[in-house]
Amino acid sequence: MITFAEYMAFFDRWINYQFSRAEDAAHNDAILQAVGRIVSDPEELAYWAERDNWSMYHCAKEVNRAQ
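Every chain begins its residue count from 1, and numbering advances along the sequence as written. In keeping with the predicted nature of the model, local features appear solely for residues at pLDDT of at least 70, side-chain atom pairs appear and are counted solely at 80 or more, and the whole-chain, interface and lining totals rest on all residues. The basis for every side-chain value is the complete set of non-hydrogen atoms in the structure, without hydrogens or water.

### Focus: the overall build of the protein
Okay, step 1: Secondary structure follows DSSP: runs of H or I at least 4 residues long count as helices, runs of E at least 2 residues long count as strands, and numbering of each begins at the N terminus. Per the secondary structure count, the protein includes four helices and zero strands.
Okay, step 2: Each helix and strand of the protein, ordered N terminal to C terminal, gives the series α-α-α-α.
Okay, step 3: The globule rule used for comparison is 2.2 Å times the number of residues to the exponent 0.38, while the radius of gyration itself is calculated over C-alpha atoms. A globule of 67 residues ought to have a C-alpha radius of gyration of about 11 Å, and the protein, at 11 Å, matches this closely.
Okay, step 4: The proportion of buried residues among the 67 residues of the protein is 31%. Relative accessible area decides the class of each residue, using a 1.4 Å probe on protein chains only: under 20% of the type maximum gives buried, over 50% gives exposed, and in between gives partly exposed.

### Quick word on the confidence of the model for the protein
Okay, step 1: Put simply, the protein has an average pLDDT of 96, and 100% of its residues get 70 or more.
Okay, step 2: For every residue, the pLDDT score states the predictor's confidence, bounded by 0 at the bottom and 100 at the top. When pLDDT is averaged over each element of the protein, helix α1 (residues 4-18) comes out on top at 98 and helix α4 (residues 53-66) at the bottom at 96.

### What to know about the packing of α1 against α4
When two helices pack together, you describe them by how their axes are tilted relative to each other and by the distance separating the axes.
Okay, step 1: Lines fitted to C-alpha atoms define the axes, with helix axes restricted to the stretch in contact, and inter-axis angles between N-to-C directions lie between 0 and 180 degrees. Packing of α1 against α4 leaves a shortest axis separation of 11 Å and a crossing angle of 90°. On the basis of the axis angle, α1 is roughly perpendicular to α4. Between α1 and α4, the residues in contact are Y7, F10, F11, W14, I15 and Q18 and N53, W54, M56 and Y57, respectively.
Okay, step 2: When residues are sorted by character, Ala, Val, Leu, Ile, Met, Phe, Trp, Tyr, Cys and Pro go into the nonpolar class, Asp, Glu, Lys and Arg into the charged class, and all the rest, Gly among them, into the polar class. The residue makeup of the contact of α1 with α4, split by class, is eight nonpolar, two polar and no charged. Angle categories are assigned with fixed cut-offs, so that under 35 degrees is roughly parallel, over 145 is roughly antiparallel, 65 to 115 is roughly perpendicular, and the rest are oblique. In this analysis, two residues are considered to be in contact whenever any of their non-hydrogen atoms come within 4.5 Å of each other.

### Remarks on the pattern of salt bridges
Okay, step 1: In what follows, salt bridge is the name for a side-chain nitrogen of Lys or Arg lying within 4 Å of a carboxyl oxygen of Asp or Glu. Per the counting criterion, the structure on display carries three salt bridges.
Okay, step 2: The salt bridge involving D24 is made with R21; its shortest N-O contact spans 3.2 Å.
Okay, step 3: R21 sits in the exposed class, given a relative accessible area of 52%.
Okay, step 4: Of the charged contacts, one joins E62 and R65 as a salt bridge, the two residues approaching to 2.5 Å between their closest N and O atoms. With E62 and R65 both in helix α4 and three residues apart, this pair spans about one turn of that helix.
Okay, step 5: On the basis of relative accessible area, E62 is assigned to the partly exposed category, the value being 47%.
Okay, step 6: Exposure remark for R65: the relative accessible area of 55% places this residue in the exposed category.
Okay, step 7: Each member of the salt-bridge network shares a partner with another, and the members are R21, E23 and D24.

Written out as structure tokens, the structure reads:
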């Protein structure tokens with residue numbers, strides 16, 4: 001099973017590859033914070049470890065919109 005730190009490192013690399021411009025940095029940080037909140041629960045981490053990154057990205061965007 002993947003750990004929280006491994007998932008976050010993987011997602012960090014993925015999002016910074018997808019959105020690599022300097023002006024994307026604040027957006028990427030906000031998404032990463034939301035992802036961290038989502039996968040801090042072990043059950044959520046197990047679920048999201050098996051899902052694609054674009055689904056997590058869209059879920060994190062919704063979490064940020066709700067705040």
